[in-house]
Amino acid sequence: MRTLVSQRSDRFTESVIREMTRLCNQHGGVNLAQGFPDFPAPEAIKEEAARAIRADVNQYAITWGARRLRDAVVAKTERFTGLSYDPETEVTVCCGSTECMIATLLALVNPGEEVIVFEPFYENYGPDAILCGAVPRFVRLREPDWSYDPAELERAFSDRTKAIIVNTPNNPTGKVFTRAELDHIAALCRKWDVVAVTDEIYEHMIYDGAEHVSLAALDGMRGRTVTISGISKTYSVTGWRVGYCLADPALSGAIRKVHDFLTVGAPAPLQEAAATALALPDEYYRTLADGYRARRDFLLPALEAAGFRTFKPRGAYYVMTDISGFGFADDVAFARHLVAEGGVAAVPGSSFYSDPAAGRQRLRFHFARRRETLEAAVERLGGLKARAPIV
Ligand SMILES: Cc1ncc(COP(=O)(O)O)c(C=O)c1O
């Protein structure tokens, strides 16, 4: 019988993270799996969203984004990176940075061309590569600091390489790529004539004096970098679906065409509210980072006390842990045990690796939660080790 679904859609599975969220709801657990905040978004931006709807900003915005938002993206980018972009030709607003990434890869990569991806990686990049026919080349980030082996990265570049995806600060590891690492990546991009696609969605969650460096700001990189970010994480509005890409006019032109036919545009009233968000003062970003650092500093010692080994993140709001102390052979079985017996949901490490075996003793937690929620999770984790079956 004819197969009704495409081979393409058959080559990847449903998101493991969303499966964990479902299990968590079934067990009434505390969800430290899917990374979204359980605290309110800033009042001023909610007000602006409501105002825009009441003012009837309810029809399609210009496909590549409302002018007010593109101006705000340009102003904020200049404020934090010193880079200037033309809102008319170099900014594209999409439905979240998720759409930015797939639109960019569809616009730039031909079937069969290679895209370098650091692993462990944010789980969307695998299906993104498959959907545009790209061949992913994985380069390993190694514990405890998640640095990469420079020789391994150099071997990954070739005439077949079209793009490299760099996610800093990184999900799932919390790694913040150093300036020296980014200089090395930039040199390889220039040498092999490769485009860098950066995912900087956690750019404002940086701890312990680490520095967020935009690859586009390095020598010779502005013209060959697509910088992707969005409002989901920085302003605690993951459901609004507003993200943006910055790239020179030739790259932006191709991205805009793909974006137009994928989704036409991001929600118009929420683009108005996003413009208000991007103009928040520097103090907002400092308070945001301080709040996340405090959550990290509460959760990590508690995870250690419960029997996890933790790899301290310097950015983003995730922590990768080593579960080998619990005696489980399999991370998925452990994650199911944790949610059913412990009432806490986390994400099996194998979902972040091309070779699942590499993540069999890893589990990722996120800490975008109110203090009370984290306290409830920590209380449930107490005694977990004693309840783990000997396997
Ligand atoms: C690295 C990374 N990029 C992108 C996204 C999704 O961002 P958006 O809500 O803007 O689509 C996430 C969400 O978890 C993420 O971790």
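The structure presented is a predicted model; accordingly, all values stated were derived computationally and were not measured.

**Details of a nonpolar patch on the surface**
- A cluster of nonpolar residues, Met 1, Leu 4 and Val 5, forms a patch on the protein surface that exposes about 450 Å² of accessible area.
- Structurally, the position occupied by Val 5 is in the segment before helix 1 (7-10).
- For Val 5, a relative accessible area of 47% corresponds to the partly exposed category.

**Let's talk about helix 4 (residues 67-81)**
- With 15 residues, helix 4 ought to run about 21 Å at 1.5 Å a step, and its terminal C-alpha atoms sit 21 Å apart, in line with that.
- Of the positions making up helix 4, those classed as buried are Leu 69, Arg 70, Ala 72, Val 73, Val 74, Lys 76 and Thr 77.
- On the buried face of helix 4, the contacting elements are strand 2 (91-94), strand 9 (243-246), helix 9 (249-263), helix 10 (268-278) and helix 11 (282-306).
- Gly 82 sits one or two residues past helix 4 and shows a positive phi near 80 degrees.

**Comments concerning the pairing of strand 14 (residues 362-366)**
- Judged by how many residues are buried, strand 14 sits mostly within the fold: five of five residues are covered.
- Of the two faces of strand 14, the one carrying Arg 362, Arg 364 and His 366 and the one carrying Leu 363 and Phe 365 are both buried.
- Of the pairings in the sheet, the one linking strand 11 (residues 318-322) to strand 14 comprises five bridges and is antiparallel in character. Within strand 14, the residue paired with Val 319 across the bridge is Phe 365.

**So, unusual backbone geometry**
- Cis geometry marks the peptide bond from Glu 119 to Pro 120, where omega comes out at 5 degrees.
- By the secondary structure assignment, Pro 120 is in the loop between strand 3 (114-119) and helix 6 (125-131).
- The omega angle of the peptide bond from Thr 168 to Pro 169 is -15 degrees, so this bond is cis rather than trans.
- Among the secondary structure elements, Pro 169 is positioned in the loop between strand 6 (161-167) and helix 8 (179-192).
- Despite not being glycine, Asp 208 shows a phi value in the positive range, around 55 degrees.
- Along the chain, the position of Asp 208 falls in the loop between strand 7 (195-199) and strand 8 (225-230).

**What about the pattern of salt bridges?**
- What the rule picks out here adds up to 31 salt bridges.
- Two residues, Asp 38 and Arg 370, come together in a salt bridge whose shortest N-O distance is 3.5 Å. Separated by 332 residues along the polypeptide, Asp 38 in the loop between strand 1 (30-31) and helix 3 (43-54) and Arg 370 in the loop between strand 14 and helix 13 (371-381) bring together distant segments of the chain.
- According to the relative accessible area criterion, Arg 370 is partly exposed, its value standing at 38%.
- Where Glu 114 meets Arg 160, a salt bridge forms, and the shortest distance between an N and an O atom there is 3.0 Å. Highlighted residues: Glu 114 in strand 3 and Arg 160 in the loop between helix 7 (150-156) and strand 6, separated in sequence by 46 residues.
- What you see here is one network of salt bridges that share partners, running through Asp 208, Asp 290, Arg 293, Arg 296 and Asp 297.

Reading the values: the criteria
- Residues numbered from 1 in each chain as written.
- Predicted model: local features only at pLDDT ≥ 70, side-chain atom pairs only at ≥ 80, totals over all residues.
- Heavy atoms only, no water.
- Patch = residues over 30% accessible without salt bridge, like charges linked within 9 Å, V, L, I, M, F, W, Y side chains within 5 Å.
- Areas by Shrake-Rupley, 256 points an atom, 1.4 Å probe, with all protein chains shown as cover.
- Salt bridge = Lys/Arg side-chain N within 4 Å of Asp/Glu carboxyl O.
- Helix = DSSP H or I, 4+ residues; strand = E, 2+ residues; numbered from the N terminus.
- Buried < 20%, exposed > 50% of the residue type's maximum accessible area, 1.4 Å probe, protein only.
- Expected span 1.5 Å × (residues − 1).
- Contact = heavy atoms within 4.5 Å.
- Pairing = 2+ DSSP bridges.

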